[in-house]
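Topology and contacts: notes
Residue-level listing of the chains:
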Amino acid sequence: MSQEQQQVVVIGPDGQPVGVTEDGEQRSVTELVEQPDKVMRIGSMIRQLLEEVKSAPLDEASRNRLKEIHQASIKELEDGLAPELVEELERLSLPFTEDATPSDAELRIAQAQLVGWLEGLFHGIQTAIYAQQMAARAQFEQIRRALPQGMAPAEAQVEDPQAGQPKPGDSGGMYL
């Protein structure tokens, strides 16, 4: 009986999802996407291809071409992802057989699966960023509350662009 590795998402003390590498080092979900711009472009392309596959029947040549695009897209995605995500993507995306032309339904399923996986990845990244922002905001609030009354961190002090300028009605003000 073979043992399958299970992937567990760990939430760090700051509420941010982290990945754990083989050597025990924690990595943020946002660090797992090494080329986010490339992954986003490919994701948009795959979503559009899925819409095209849904809207029109495909002949054999177009199904073969779409199969090639699907396989090339996965290879390109792998270049932009950390090894942990590449392994997950390889486990989930089943390759097409080399000699057979996939049916419209097979292509739709493969494309929808890939779009769904990418959307899950994007939601994970958004969640990690949101958790990071909330942790930073909570930390800022703790610092602000710990300061003596009237003091604020330098980042919180906002200079008034009007400060030092006379207000209308003041004796030194200019009237136009």
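Residues numbered from 1 in each chain as written. Predicted model: local features only at pLDDT ≥ 70, side-chain atom pairs only at ≥ 80, totals over all residues. Heavy atoms only, no water.

Focus: the overall build of the protein chain
Where we set the bar: Secondary structure elements follow DSSP: runs of H or I of four or more residues count as helices, runs of E of two or more count as strands, with numbering from the N terminus. The contact criterion used throughout is that any non-hydrogen atoms of two residues lie within 4.5 Å. Surface accessibility follows the Shrake-Rupley procedure with a 1.4 Å probe radius. Residue values consider only the protein chains on display as shielding.
Scanning the protein chain for helices and strands turns up 4 helices and 3 strands. In the protein chain, the succession of helices and strands from N to C terminus is β-β-β-α-α-α-α. Expressed as a percentage of contacts within the protein chain between residues at least 6 apart in sequence, the contacts between residues at least 24 apart total 68%. Of the accessible surface of the protein chain, which amounts to about 12,700 Å², a share of 53% is contributed by carbon and sulfur atoms.

Some points on the side chain of Gln111
Put simply, the test is: Burial here depends on accessible area, computed with a 1.4 Å probe over protein chains only, as a share of the maximum for the residue type. Under 20% is buried, over 50% is exposed, and the range in between is partly exposed.
Relative to the helices and strands, Gln111 is located in helix H4 (residues 104-146). Residue Gln111 is classed as buried on the basis of its relative accessible area of 2%.

Let's talk about the pattern of salt bridges
Put simply, the rule is: The term salt bridge refers to a pairing of a side-chain nitrogen on Lys or Arg with a carboxyl oxygen on Asp or Glu at a separation within 4 Å.
For the coordinates displayed, the defined rule picks out 8 salt bridges. Ionic pairing is found between Lys38 and Asp79, a salt bridge with its closest N-O pair at 3.8 Å. Of this pair, Lys38 sits in helix H1 (residues 36-55) while Asp79 is found in helix H2 (residues 60-79), placing the two residues 41 residues apart along the sequence. The exposure class assigned to Lys38 is buried, which follows from its relative accessible area of 15%.

A look at the nonpolar core
In plain terms, the rule: Take the buried Ala, Val, Leu, Ile, Met, Phe, Trp, Tyr and Cys residues and link them wherever side-chain atoms come within 4.5 Å; each set so joined is a nonpolar core.
If you look at the biggest cluster of nonpolar residues, it comprises 20 residues, and the most contacted ones within it are Val39, Leu77, Leu81, Leu118 and Leu121. Of all elements in the fold, only H1, H2, helix H3 (83-92) and H4 reach the threshold of two or more residues within this core. With 7 residues, the single largest contributor to this core is H4. Leu77 has contacts with Val39, Ile42, Ile46, Leu89, Leu114 and Leu118, leaving out every residue within four places of it along the chain. Counting 7 residues, the second largest nonpolar core, distinct from the first, contains Leu58, Phe96, Leu107 and Ala110.

Here we look at H2
Definition in use: Expected span, for any helix, means 1.5 Å times one less than how many residues it has. By definition, the arc is the one covered by directions from the helix axis to the C-beta atoms.
An ideal rise of 1.5 Å per residue puts 28 Å on 20 residues; H2 measures up with 29 Å between its terminal C-alpha atoms. By the burial criterion, the buried members of H2 are Arg63, Leu66, Lys67, His70, Ser73, Ile74 and Leu77. Seen from one end, H2 has its buried residues packed into an arc of 125°, which puts them on one side. Turned more than 90 degrees away from the buried face of H2, the exposed residues are Ala61 and Lys75. Contact partners of the buried residues in H2: H1, H3 and H4.

Re H1
The first and last C-alpha atoms of H1 sit 29 Å apart over 20 residues, in line with the 28 Å expected at 1.5 Å per residue. The complete set of buried residues in H1 reads Lys38, Val39, Ile42, Gly43, Ile46, Leu49, Leu50 and Val53. With its buried residues spanning 130° around the axis, H1 presents them on a single face. Counted as exposed and oriented over 90 degrees from the buried face of H1: Arg41 and Ser55. Those residues of H1 that are buried lie in contact with H2 and H4.

Description of the packing of H2 against H4
Packed helices, taken two at a time, are described by the angle their axes make and the gap between the axes. Formally: Each axis is a line fitted through C-alpha atoms, and for a helix only the stretch in contact is used; angles between axes span 0 to 180 degrees, taken between their N-to-C directions. Oblique is the label for any angle not under 35 degrees, not over 145, and not in the 65 to 115 range, which are roughly parallel, roughly antiparallel and roughly perpendicular in turn. It is the rotation of the near helix from the far one that decides the hand of a crossing: anticlockwise by less than a right angle makes it left-handed, clockwise makes it right-handed.
At a closest axis distance of 10 Å, the pairing of H2 and H4 adopts a crossing angle of 20°. For the element pair H2 / H4, the angle class is roughly parallel. The handedness of the crossing between H2 and H4 comes out as left-handed. Here Arg63, Leu66, Lys67, His70, Ile74 and Leu77 of H2 come into contact with H4, specifically with Asp104, Leu107, Ala110, Gln111, Leu114 and Leu118.

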